[in-house]
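# Examination of the molecular architecture
This is what each chain is made of:
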Amino acid sequence: MRKLATIQKIKSLEPIDGKDRIVVASFESVGWHVIVAKNDFEIGDYCVYIEPDSILPVHREYEFLRKKCYSEKLNGFHIKTMKMSGIISQGIAFPLSVIDWKNRCSLSPSQNQEGTDVTRILKIRKYDPAEITEKTYSKKHHRIKNPILRFILRHLPFASNQFREKSNLKGFPQFLHKTDEVRVQNVPYIFDKYNGKIECYITEKLDGTSITYAIYNEKFYVCQRNFQRLKDNSIYWQIAEKYDIEKKLHAIGENCAIQGEGIGPGIQGNRYGLKELDFFVYNLFDIDRQRYLPFAILDRLYTLETFKKVPLLGTGQLYGNVDQWVSESIGKSKLADIPREGIVVRSIDGEPKYQKDMGEMFSFKVINPEYLLKYESEE
């Protein structure tokens, strides 16, 4: 589970021009910036920092957020990116008193160490529109439409299994890795450690649905973000058939998987204005060796026009810091006249030698704040 709420130490409190009651807080261990009340914190204080795209439960302590943040659809307070006096603020910070140590958990105030995860304690959920779309789509296509039959199955436990709904979803295969890059703000230390030492390539982050296609022991697998999908008429299988992906993967001749982004009608509001479904690849995974393959091999697939690639924005040595990469994320999409969702940075060699810091491969994502400001306001 992603750490959405953590205890953090305040590194700085910067003034905002023309504002006497608010300042911009930054932290020692993460690269987020958030606007806070001037008198709420001092430098060196510990606080509970909650990331953007978090959903706070309905509770009296959060009622002051109701006017701006409450979502009836989400049954909670959606913490978003906001802009005030030209300053972008992401997330929210609370004094440690927001945690009722006695009644909510077994921790004690002395355990309020920097980085402590309090997501479960505060019952915070992740706002993930792609996952919401995935669940909604699954329910829509697997729900029994006949009301009488639904009543029978719901109230009569002895109803014959032959009438029960068959789900097209299975657990995500253990021999594959799910796609979920870490946000750059959560790994600011990588720049001190790896700047000038890692060759990277930068691609546009597309706003769609994550799809994995794989061949393993001659069997074809179609997977959405969290599940394997048996053959049906879903967008995942429509894309597979449109691009003859099973045949193309068999032609590679190894146990392998491609991962990419599905976009188009019915996906995330089709913000790119496409008339039909499309698929753009960003990863090639060697199942037998359990590692992502280098960019050169992935690029070879693109050159052969086997698969479309996510828009490539550049290559070069890792440099800079969190704020510089957030600036790099701002720009227009290569696919449409809209702000791009962000960028993804990956090592060209694909080596897992950075696993201690970054997981299966060196990669991180940077979400464009202008994209969030534009589309979160349309919810």
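Above this text is the structure in question.
Below, the structure is looked at part by part. (Residues numbered from 1 in each chain as written. Predicted model: local features only at pLDDT ≥ 70, side-chain atom pairs only at ≥ 80, totals over all residues. Heavy atoms only, no water.)

### Quick word on the pattern of salt bridges
- Applying the stated criterion to the full structure yields 13 salt bridges.
- Residues Lys242 and Glu276 are paired through a salt bridge, measuring 2.8 Å at the closest nitrogen-oxygen approach. With Lys242 in helix H6 (residues 235-242) and Glu276 in the loop between strand E18 (256-263) and strand E19 (278-286), this pair connects stretches of sequence that are 34 residues apart.
- Residue Lys308 pairs with Asp278 through a salt bridge whose shortest N-O separation is 2.8 Å. With Lys308 in the loop between helix H8 (295-303) and strand E21 (312-317) and Asp278 in strand E19, this residue pair connects regions lying 30 residues apart in the sequence.
- A relative accessible area of 10% means that Asp278 is categorised as buried. (Salt bridge = Lys/Arg side-chain N within 4 Å of Asp/Glu carboxyl O. Helix = DSSP H or I, 4+ residues; strand = E, 2+ residues; numbered from the N terminus. Buried < 20%, exposed > 50% of the residue type's maximum accessible area, 1.4 Å probe, protein only.)

### Brief notes about the sheet that holds strand E6 (residues 70-71)
- Taken together, the 4 strands give an open sheet; going across it, the order is E6-E7-E5-E11, and neighbouring strands pair in antiparallel fashion. If you trace the sheet from one side to the other, it starts and ends with E6 and strand E11 (125-126), each paired once.
- In this sheet, strand E7 (residues 76-79) lies alongside strand E5 (residues 54-56) in antiparallel orientation, the contact comprising 3 bridges. Along E7, the bridge assignment pairs Ile55 with His78. (Pairing = 2+ DSSP bridges.)

### Digging into the environment of Ile258
- Relative to the assigned elements, Ile258 resides in strand E18.
- Considered as a pair, Ile258 and Leu284 are 26 residues apart in the sequence and their alpha carbons are 4.7 Å apart.
- In contact with Ile258, other than residues within four places in its own chain, are Ile211, Thr212, Tyr213, Ile245, Leu249, Phe279, Val281, Asn283, Leu284 and Phe307. (Contact = heavy atoms within 4.5 Å.)

### What about the nonpolar core?
- The biggest cluster of nonpolar side chains holds 27 residues, and the ones touching the most others in it are Tyr213, Phe220, Ile239, Ile245, Leu249, Ile258 and Phe279.
- Element by element, the count of residues in this core is highest for H6, at 5 residues.
- Beyond its immediate chain neighbours, meaning those up to four positions away, Ile245 contacts Tyr213, Phe220, Ile239, Ala240, Ile258, Phe279 and Phe307.
- Counting residues in hydrophobic clusters, the runner-up holds 20 residues, among them Leu4, Tyr62, Phe94 and Leu122. (Core = buried A, V, L, I, M, F, W, Y, C linked by side-chain atoms within 4.5 Å.)

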